[in-house]
Amino acid sequence: MSGWPSVGVIVATCGDRAGLLREAVAAVLAQDYPGELSAVVVADAPLPSGGRVRASSAAVAVQVAGAVAGPRVRVVANALSPGLPGARNTGIAACDTDLVAFCDDDDLWLPGKLTAQVRELLDGGEFASCGIEVEHGHRRVPRLAGASCVTAADLVRSRMVMVHSSTFVFKRGSLWVDESAPGGQNEDWDLALRAAKRRPLVHVDQPLVRVRWAGSHYAARWADRIAGLEWMLARHPELAVDPRGAARVYGQLAFSHAALGHRRAAARWAARTFAARLGEPRAPIALAVAAGLVSAPTVLSALHHRGHGI
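Residues numbered from 1 in each chain as written. Predicted model: local features only at pLDDT ≥ 70, side-chain atom pairs only at ≥ 80, totals over all residues. Heavy atoms only, no water.

Moving on to the pairing of strand S7 (residues 139-143). The pairing of strand S6 (residues 127-136) with S7 spans 5 bridges and is antiparallel. Bridge pairing in S7 places Val134 opposite Val141. Between S6 and the antiparallel strand that follows it, S7, lie 2 residues; Gly137 among them carries a positive phi value of about 65°. (Pairing = 2+ DSSP bridges. Helix = DSSP H or I, 4+ residues; strand = E, 2+ residues; numbered from the N terminus.)

Now the structure itself:
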């Protein structure tokens, strides 16, 4: 790439939070970026709820187009598999820009985000991330990596919440989201890990994206979270080799089973967690939830208030 490359920002949405979507798109287009910048909003049919008939992606696209119309905004319907991975791939395919970036429909890019990341890519990077600030209620907590690059080993040892999908910027066509991710779970972690295996990610360690956790569609979908973690273990066997990384994943599985009331499965995964790393805190927390001493929502709320997840 020479000069400032063109960037297409993909914002996937189910059309169920128009106000937040408008804010997300406005923050993207407000970037003081020297190159060409546009947004592709991909409308995806919402998940079925309460037995109601699922709307079509085309119908959602019509609804969304009225909320985010603008000269630099294109609205398309998800043409691939239903869900976030298919929507993101639809967006990548719809772009004709040098680079693509992601922004969740409830997150906000902060000033200077894109220019800082593209500058790092122009210096030789292939995939960029940046620090975030987690917003939960009225509290905002910065989450930084403490480093200017992120390796595959880093992402195996820790999920690194700051390597968040809303921070991703990469060359269009170099990577695609894996649409086999169960319920769309961990597709972003998988994408970043695959990118890091090719070359360490360049990371701008400043809080340049505001990630709003309160309205997450994914936080408490426990069966999907279990399937997504098992999917990651199968796709990336090295996750079970690093003791700290393995204990973290096993502890998350223990907690997810506990949240569903699967006491035996929770105990089994907690035992594997202790075997991998005795000091992993997720195991005793999962056992406390399984025993009914505390509820899973209470644990999540306390963690999210501090800018952390389970």
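To continue, consider helix H9 (residues 263-276). With 14 residues, H9 should cover 20 Å at 1.5 Å per step; its first-to-last C-alpha distance of 20 Å lies within 8% of that length. Listed as buried for H9 are Ala265, Ala266, Trp269, Ala270 and Thr273. With its buried residues spanning 135° around the axis, H9 presents them on a single face. The exposed set on the far side of H9, more than 90 degrees from its buried face, consists of Arg264, Arg268 and Ala275. (Expected span 1.5 Å × (residues − 1). Buried < 20%, exposed > 50% of the residue type's maximum accessible area, 1.4 Å probe, protein only. Arc of directions from axis to C-beta.)

A word on the side chain of Arg282. One can find Arg282 in helix H10 (residues 282-290). Within the structure, Arg282 has its side chain in polar contact with the side chain of Glu280 (distance 2.7 Å). (Polar contact = N/O pair within 3.5 Å; in protein donor to acceptor, adjacent residues only side chain to side chain.)

Right, let's talk about the pairing of strand S10 (residues 201-212) for a bit. Most of S10 sits out of view: 9 of its 12 residues are buried. As judged from the 2 bridges shared by strand S5 (residues 108-109) and S10, these two strands associate in the antiparallel manner. Paired with Leu108 across the bridge in S10 is Arg210. Looking at chain direction, S6 and S10 are connected through 8 bridges and run parallel.

Notably, Met160 is not glycine yet its phi reads approximately 55°, a positive angle. Within the secondary structure, Met160 sits in the loop between helix H5 (152-157) and strand S9 (169-171). Classification of Met160 as buried rests on a relative accessible area of 12%. Positive phi values are uncommon outside glycine, yet Asn186 reaches one of about 70°.

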